[in-house]
Amino acid sequence: MEAGIVGLPNVGKSTLFNALTAAGIASENYPFCTIEPNVGVVPVPDDRLQRIEAHIPTQKVIPAALRLVDIAGIVRGASEGEGLGNKFLSHIRNVDAILQVVRCFENPDITHVDGDVDPIRDIDTIATELLLADMQTVESSKDKAARTARSGDKEAKARLELLARCAEVLDNSQPVRSLELDEDEQKILRSFGLITAKPILFVANVDEDDPAGEGPLVQKVRDWAAANGAEGNVVPVCARLESELAELDDDDKLELLEASGLTEPALAVLARAAYKLLGLQSYFTAGEKEIRAWTIPIGATAPQAAGVIHSDFERGFIRAEIYALDDLEELKTEKAIRDAGRLRVEGKGYTMQDGDITHFLFNV
Ligand code: GDP
């Protein structure tokens, strides 16, 4: 899962990115993470891993990972070549979700590019740039699809039709994600790489004295989100506090969190919100070599879940043996779970449930 951090200059993007990625992660466990300066891989906090480990001693625990990309260069006019120009586009096209940092902290020493702090205007500025960028993409894809469609290519025709629908919503200043599409159309849409098709989460960067985001500026963002089909997609974060937290050891961290009236660091809250936004859940594999969390879409079948570990596992899937964390905590060992008849054997049609602890049996 990959999320791109966007926002106007001076809203706290780098502060947040550095704070979130400070924890870092052992990259050898994540073959996909060739690290570039603007990319960080962060572990997704999940206390169920530790609860499993309490009963299954293991050599290592590997949490799910969230890849964060700091996407710089979006300013007013960026889609027309202002600032870093549309260089940001190549980075943002590949992400699964967008985290937009919105400045909700007042600090006269830190200038705002537009003079004063106004989160809704900022949201609007970025939204406009992303819309304009998508319009350009749609236009150039249309030309290409039109050429192929003329030769009678059916798929190109479907692409062309969908591009026309995208153009229509964009012309009405609406993001492409507001289109209602069936599964086939969604698949085609994904191939366009349109930015406004991606789900978006607003990170309201708040003052140190209001880390829970109870002030009026965050409320404005919440109201705006509710009115624009993004109800609940607002997470208040104090980037500066997070960067302080990132420097501390666990005990001091807890102390500072408590003093700030928070129960957990922003990374945990953001990771949960991103999972929800993207319709994701986790299942676990657990043994003496490693305990590991795997990320799958809600609704994934057992073979699809196996395929996340390795594509051979999906192809050669035979069955899955599954148990629940509650049973492990009650009965203490896998053997006891099996003896009690609570180890379920599930076939190809099984829909995975959040938190399933799983062994896959497969042919290779
Ligand atoms: P970027 O341009 O969006 O990457 O913004 P930076 O992360 O460089 O932040 C711009 C300035 O705002 C820096 O001086 C930060 O220290 C400051 N800043 C960032 N987050 C906060 C915050 O939560 N509270 C306050 N008071 N200042 C912040």
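Scoring rules and cut-offs
- Residues numbered from 1 in each chain as written.
- Predicted model: local features only at pLDDT ≥ 70, side-chain atom pairs only at ≥ 80, totals over all residues.
- Domains from an automatic or database assignment.
- Helix = DSSP H or I, 4+ residues; strand = E, 2+ residues; numbered from the N terminus.
- Contact = placed C-beta atoms within 7 Å.
- UniProt positions renumbered as here; feature names shortened; annotations may be inferred.
- Core = buried A, V, L, I, M, F, W, Y, C linked by C-beta atoms within 7 Å.
- Buried ≥ 20, exposed ≤ 12 C-beta atoms within 10 Å, placed from the backbone.

Caption draft 1: Main features of the domain arrangement of the protein. Assigned domains within the protein: domain 1 (2–47 + 63–128 + 196–277) and domain 2 (299–362). Centre-to-centre, using C-alpha coordinates, domain 1 lies 35 Å away from domain 2.

Caption draft 2: Inspection of the environment of Ala 286 at higher detail. For Ala 286, the location among the structural elements is in strand 8 (residues 280–286). Sequence separation of Ala 286 and Thr 58 is 228 residues, and the distance between their C-alpha atoms is 8.2 Å. If near-sequence neighbours (up to four positions away) are discounted, Ala 286 is found in contact with Ile 52, Ile 56, Ile 291 and Ile 357.

Caption draft 3: Fine view of the UniProt feature "domain: TGS" (unreviewed entry) in the protein. Summarizing the sequence annotation, UniProt attributes the feature "domain: TGS" (unreviewed entry) to residues 279–362 in the numbering used throughout. Within residues 279–362, the helical portion is 31% and the strand portion 37%, while the C-alpha atoms at the span's ends are 27 Å from each other.

Caption draft 4: Expanded view of the nonpolar core. Counting residues in each nonpolar core, the largest one holds 90 residues, and the members touching the most others are Ala 204 and Ala 274. Examining the composition of this core, we find that eight residues originate from one element, helix 10 (residues 266–278), more than from any other. When residues are assigned to domains, this core turns out to be shared by domain 1 (2–47 + 63–128 + 196–277) and domain 2 (299–362), each giving three or more. Apart from residues no more than four positions distant in its own chain, Ala 274 is found in contact with Ala 3, Leu 66, Ala 97 and Leu 201.

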